[in-house]
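What follows is the residue order along each chain.
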Amino acid sequence: EKKDLKPLIDANKKIDFFIKKYPNTDYAIDLKFKKDLIQNQLAAKELFVAKYYISLQKWIPAINRLKIITEKYDKTIFIEEALHRLVEIHHYLGLLEEANKYASILGYNYNSSEWFKKSYKVLNKEYKIKKKIVVKNEDSFFKKILQKIK
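Quick caveat, the model's predicted, so the values are computed rather than measured. (Residues numbered from 1 in each chain as written. Predicted model: local features only at pLDDT ≥ 70, side-chain atom pairs only at ≥ 80, totals over all residues. Heavy atoms only, no water.)

### Concerning the overall build of the chain
- Looking only at helices and strands, the chain has seven helices and zero strands in total.
- Relative to all contacts within the chain whose residues are 6 or more apart in sequence, the contacts with residues 24 or more apart total 49%.
- Entry remark: accessible area of the chain is about 11400 Å², with carbon and sulfur atoms responsible for 58%. (Helix = DSSP H or I, 4+ residues; strand = E, 2+ residues; numbered from the N terminus. Contact = heavy atoms within 4.5 Å. Areas by Shrake-Rupley, 256 points an atom, 1.4 Å probe, with all protein chains shown as cover.)

### Regarding the layout of surface pockets
- Looking at the largest pocket, its volume works out to about 170 Å³.
- Taken together, twelve residues line the largest pocket, and the ones lying closest to its centre are Ile-9, Leu-42, Glu-46, Lys-72 and Tyr-73.
- For the lining of the largest pocket, the elements supplying multiple residues, two or more each, are helix 1 (6-21), helix 2 (26-55) and helix 3 (59-72).
- Per-element tally for the lining of the largest pocket: the top contributor is helix 2, with four residues.
- Here the lining of the largest pocket is built from residues that sort into five nonpolar, two polar and five charged. (1 Å grid on protein atoms, 1.4 Å probe; cavity = no way out; pocket = protein on both sides within 12 Å on 5 of 7 lines; lining within 4 Å. Points joined across faces, edges and corners; volume = space filled by probe spheres on them. Nonpolar A, V, L, I, M, F, W, Y, C, P; charged D, E, K, R; others polar.)

### So, the nonpolar core
- Counting residues in hydrophobic clusters, the biggest one holds 29 residues, and the most contacted among them are Leu-42, Leu-66, Ile-69, Val-87 and Ile-89.
- Those elements that provide at least two residues to this core are helix 1, helix 2, helix 3, helix 4 (79-93), helix 5 (96-110) and helix 6 (114-123).
- Those residues in contact with Leu-42 that sit more than four places away from it in its chain are Leu-5, Leu-8, Ile-9, Asn-12 and Tyr-73. (Core = buried A, V, L, I, M, F, W, Y, C linked by side-chain atoms within 4.5 Å. Buried < 20%, exposed > 50% of the residue type's maximum accessible area, 1.4 Å probe, protein only.)

### Quick word on a nonpolar patch on the surface
- Taken together, the side chains of Phe-17, Phe-18 and Tyr-22 define a hydrophobic patch exposed on the protein surface, amounting to about 300 Å² of accessible area.
- Relative to the assigned elements, Phe-17 resides in helix 1.
- Residue Phe-17 is classed as partly exposed on the basis of its relative accessible area, which comes to 45%. (Patch = residues over 30% accessible without salt bridge, like charges linked within 9 Å, V, L, I, M, F, W, Y side chains within 5 Å. Salt bridge = Lys/Arg side-chain N within 4 Å of Asp/Glu carboxyl O.)

### Digging into the packing of aromatic side chains
- If you walk through the whole model with that rule in mind, you get four aromatic pairs.
- Between Phe-17 and Phe-18 the ring centres are 5.2 Å apart and the planes differ by 75°, which places this aromatic pair in the edge-to-face class.
- By relative accessible area, Phe-18 is classed as partly exposed at 39%.
- When the centroid spacing of 6.0 Å and the interplanar angle of 55° are considered together, the rings of Tyr-52 and Tyr-53 count as tilted.
- Classification of Tyr-52 as partly exposed rests on a relative accessible area of 47%.
- Put simply, the rings of Phe-17, Phe-18 and Tyr-22 pair up and form one aromatic cluster.
- Across from the ring centre of Trp-115, 4.5 Å away, lies the NZ or CZ of Lys-118, which sits over that ring. (Phe/Tyr/Trp six-rings, centres within 6.5 Å; stacked < 30°, edge-to-face > 60°. Lys NZ or Arg CZ within 6 Å of the ring centre and 35° of its normal.)

### Focus on the confidence of the model for the chain
- Looking at the chain as a whole, the pLDDT averages 85, with 83% of positions reaching at least 70.
- By mean pLDDT, helix 7 (residues 141-149) is the weakest element of the chain at 69, and helix 3 is the strongest at 95. (pLDDT = per-residue confidence, 0-100.)

### Comments concerning unusual backbone geometry
- The phi dihedral of Gln-57 is positive, around 60°, even though this residue is not glycine.
- Mapped onto the elements of the fold, Gln-57 is located in the loop between helix 2 and helix 3.

### Regarding the side chain of His-90
- Inspection of the secondary structure assignment puts His-90 in helix 4.
- Separated by 2.7 Å, the side chain of His-90 and the backbone oxygen of Leu-86 make a polar contact.
- With near-sequence residues (within four places) excluded, His-90 lies in contact with Ile-63, Leu-95, Leu-96, Glu-98, Ala-99 and Tyr-102. (Polar contact = N/O pair within 3.5 Å; in protein donor to acceptor, adjacent residues only side chain to side chain.)

### Things to note about the packing of helix 4 against helix 6
- Relative orientation of the contacting elements helix 4 and helix 6 amounts to 10°, with a least axis distance of 9 Å. In terms of axis orientation, helix 4 runs roughly parallel to helix 6. Taken together, the residues of helix 6 that come into contact with helix 4 (itself represented by Glu-80, Glu-81, His-84, Arg-85, Val-87, Glu-88 and His-91) are Trp-115, Lys-118, Ser-119, Val-122 and Leu-123.
- In terms of residue class, the contact of helix 4 with helix 6 is built from four nonpolar, three polar and five charged. (Axes fitted to C-alpha atoms, helices over the stretch in contact; angles between N-to-C directions. Parallel < 35°, antiparallel > 145°, perpendicular 65-115°, else oblique.)

Structure follows, in C-alpha cells:
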C-alpha cells in the first residue's frame, strides 16, 4: 500500500520545495496544477482502501481512512463521497449524531450533489431520489427551419 504511493509522496514534497523556492515563476503555476493532480490521486487511494475496509465491515479503519480524506485532501473531488461514506457508516453503527454532523457538512458545502441526495436518503428512508427527465426533441432547430422553407 505505501510502496506504490512513495513516488507520489516524493513528487509532492519536491513540488512543495520548488513552489516555496520559486513562487513567482511560470513553472510554479504548472507545479500547482500537478500538485492538485497528486492530491487527487492520494485521496483516491485513501478512498479505495476505505471502501475495501467497508466491504470487510472493518468500520474503524474505514472511518480513519475517510477522515484522512476530510482532513488532508478536502479540496479534492473525493471529499463528497468520503463525507457520504462517513454518514453511511455512522448511521449503520447507530451513531446518529455523528451521521447528522457529516450530513450537515455535506449539505452545507455540496447540497446539489448526488452524494448529498444519497446521504439524505440514508437519513430519511421515505425520501425518493428524483431522476432527471430528459426530453428528447426529435427535430432540431435547423430541421424545423428547413421544413418551413420547403
